[in-house]
Amino acid sequence: MASPVPDPLNPGRETRRLALTLLALLLLAGISWALAHVGLGAWSTPLAFAIAAVKAGAVALIFMRLSSGTTAARFALALAVAFIVLLMIAVVTDIQLR
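Residues numbered from 1 in each chain as written. Predicted model: local features only at pLDDT ≥ 70, side-chain atom pairs only at ≥ 80, totals over all residues. Heavy atoms only, no water.

Where do I start with the pattern of salt bridges in this structure?
It is possible for side chains bearing opposite charge to pair when their charged atoms get close. A complete count under the given rule lists three salt bridges for this structure. Residue Arg17 pairs with Glu14 through a salt bridge whose shortest N-O separation is 3.3 Å. Residue Arg17 and its partner Glu14 are both found in helix H1 (residues 11-36); the two are separated by three residues, about one turn of the helix. For Arg17, a relative accessible area of 27% gives the class partly exposed. Take Glu14: its relative accessible area is 15%, and that puts it in the buried class. Asp94 is the partner of Arg98 in a salt bridge, and the nearest nitrogen-oxygen pair spans 3.0 Å. Among the residues examined, Arg98 registers a relative accessible area of 77% and is labelled exposed. Each member of the salt-bridge network shares a partner with another, and the members are Glu14, Arg17 and Arg65. (Salt bridge = Lys/Arg side-chain N within 4 Å of Asp/Glu carboxyl O. Helix = DSSP H or I, 4+ residues; strand = E, 2+ residues; numbered from the N terminus. Buried < 20%, exposed > 50% of the residue type's maximum accessible area, 1.4 Å probe, protein only.)

Explain the environment of Ile31 here, please?
Here Ile31 lies in helix H1. When the C-alpha atoms of Ile31 and Ile51 are compared, they prove to be 8.4 Å apart, with 20 residues separating the residues in sequence.

Have a look at this one:
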């Protein structure tokens, strides 16, 4: 398990990990932008949500260091994700019932 404090003996490792994550986020943002200009029909929204979920996961695990965080921080993340899913279900249900 990664330590929440950067390794003082190897500071380049943490920098490299953050830089690679940043590059991945920029690449995913570029893919999102490119897919917005392609006519994918009904697939455009699910693909956008999937890319957004991957980006949010990378930010939470790498930049916020929740992979090595406390149990309370992980519980707060799980609660937030559950609340967002509940809101999404409510929106879809509302649209279906109109």
